[in-house]
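# Secondary and tertiary structure notes
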Amino acid sequence: MTAYLNALGVICALGRGKAEVTRRLLAGDGSAMQPYPQPVAGRRVPVGAVTNELPSLGDCPQRHATRNNQMLLAAIEEIEAELHEAIARFGHARIGVVLGTSTTGIQEASLGIAALARDGQLPVSYHYGHQELCAPASFLSERLQLSGPSYAISTACTSSARALLSAKRLLDAGICDAVICGGVDTLCDLTLQGFSALEAISKRICNPFSANRDGINIGEAAAVFLMTREPAPIALLGGGASSDAHHISAPDPQGLSAIAAMRKALASASVQAEQISYLNLHGTATRHNDAMESLAVATVFPGGVACSSSKPLTGHTLGAAGALEAALCWLALSDCNPAGLLPPHRWDNEEDADLPRLNLVTDGTTMAAASRRTVMSNSFAFAGNNGSLILGDAS
């Protein structure tokens, strides 16, 4: 059964709203990548921070008072009209919420625990609910007074890609008539220090697939779709997931599980590899991920495919990455992009001779003409948890 992506709300380092994000994405504008205010392991590192003003949460319960929920609300406000129409049409009990996250409100929780260590007591602003993984889904369901299924998925960097797959299953099973799905993650000290401890953070703008790549930049974002069975121009045509538990943080160097996810997605969407017009790479710019992904892509697409990583423009938004990068694919297919431009790949153009060569998108490249455009987005996570989504023209 086809799942249609009827509406999209998005906020990330590229800006707030579909128009601004599309403009800067297609221009390859990475100027929003700026140093994090506090040193990380003694270094200033670039991050993909959201600088737009965020909406007030009003008099919401204390357990919902987090920047994560403010980001989510910013994305939701962009599709508020479509959501209220769906509620009026289907009813509060027939609309689900499935969101991916990994940080939720851990920044607020960490500050509270730091105050406890310093002052001997928790501040009045602290609430344990800030750090619960279900927090964004609970916040949204309560705010919209929805009583359909509501939950969060936290599988590291595939969280929100899997949220979209889970949303489609709710529609296919007839449990929901509409699902608000996507992901949200915000910058926090704990995440930055953790990735620094793994020696995975670059001290410069990340450089995917370059011989000089040396790690990731962390970012923040919220991207939410309204998914229904009602026809719309863009659909989630299929998806594939896999998990190999090769290593707690390093991918299988042969990329076998990533290959499986991509091939499952192609089979699910009933398309051939040569029909994919564009691939949004996971492209973290770490030594291991890029080596694995380039091998996997070359295996699945032996004839090549136009591809790019958006992470030098947005940072790696962790639990929100799958939904954000699906959103960037949605924007590339949408009326926001009348020229049919593809998102360019930003790097230093220094090829790694040890990697299979990829067809990385350059400025001004347009999507190849096709009777039905289809694009893929890859998300790969710790412990070999992988997901690939295929979006495309509905007909």
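Note that the structure is predicted; figures quoted are calculated from it, not measured. (Residues numbered from 1 in each chain as written. Predicted model: local features only at pLDDT ≥ 70, side-chain atom pairs only at ≥ 80, totals over all residues. Heavy atoms only, no water.)

### What about the side chain of D290?
Tracing the chain through its elements places D290 in helix α9 (residues 287–300). A polar atom in the side chain of D290 sits 2.6 Å from the backbone nitrogen of F209. Here the side chain of D290 touches T284 through a polar contact of 3.5 Å, landing on its backbone nitrogen. (Helix = DSSP H or I, 4+ residues; strand = E, 2+ residues; numbered from the N terminus. Polar contact = N/O pair within 3.5 Å; in protein donor to acceptor, adjacent residues only side chain to side chain.)

### Quick notes on the nonpolar core
L164, V179, F225, M227, W330, L389 and L391 are the most contacted members of the largest nonpolar core, which totals 45 residues. Secondary structure elements with two or more residues in this core: β1 (3–12), α1 (18–26), α6 (159–172), β7 (178–185), β9 (221–228), β10 (234–243), α11 (321–333) and β15 (385–393). Broken down by element, this core gets its largest block of residues, nine residues, from α11. (Core = buried A, V, L, I, M, F, W, Y, C linked by side-chain atoms within 4.5 Å. Buried < 20%, exposed > 50% of the residue type's maximum accessible area, 1.4 Å probe, protein only.)

### Considerations on the sheet that holds strand β4 (residues 46–48)
On the basis of which strands lie adjacent, the open sheet formed by three strands has the order β3-β4-β8 and mixed pairing. Both outer strands of the open sheet, β3 (34–35) and β8 (218–219), are each paired with one neighbouring strand and no more. Direction of pairing for β4 relative to β8: parallel, over a ladder of two bridges. Opposite V47, over in β8, you have I218 as the bridge partner. (Pairing = 2+ DSSP bridges.)

### Comments concerning helix α8 (residues 256–269)
With 14 residues, α8 extends 20 Å from end C-alpha to end C-alpha; this agrees with the ideal 20 Å at 1.5 Å per step. Buried positions along α8 lie against β10, β11 (276–280), α9, β14 (374–381) and β15. (Expected span 1.5 Å × (residues − 1). Contact = heavy atoms within 4.5 Å.)

### Points about the pairing of β7
Burial of β7 is extensive: eight of the eight residues sit out of reach of the surface. The two faces of β7 match: A178, I180, G182 and V184 on one face and V179, C181, G183 and D185 on the other face are all buried. Across six bridges, the pairing between strand β5 (residues 95–100) and β7 is parallel. In the strand pairing of β7, V97 is matched with I180.

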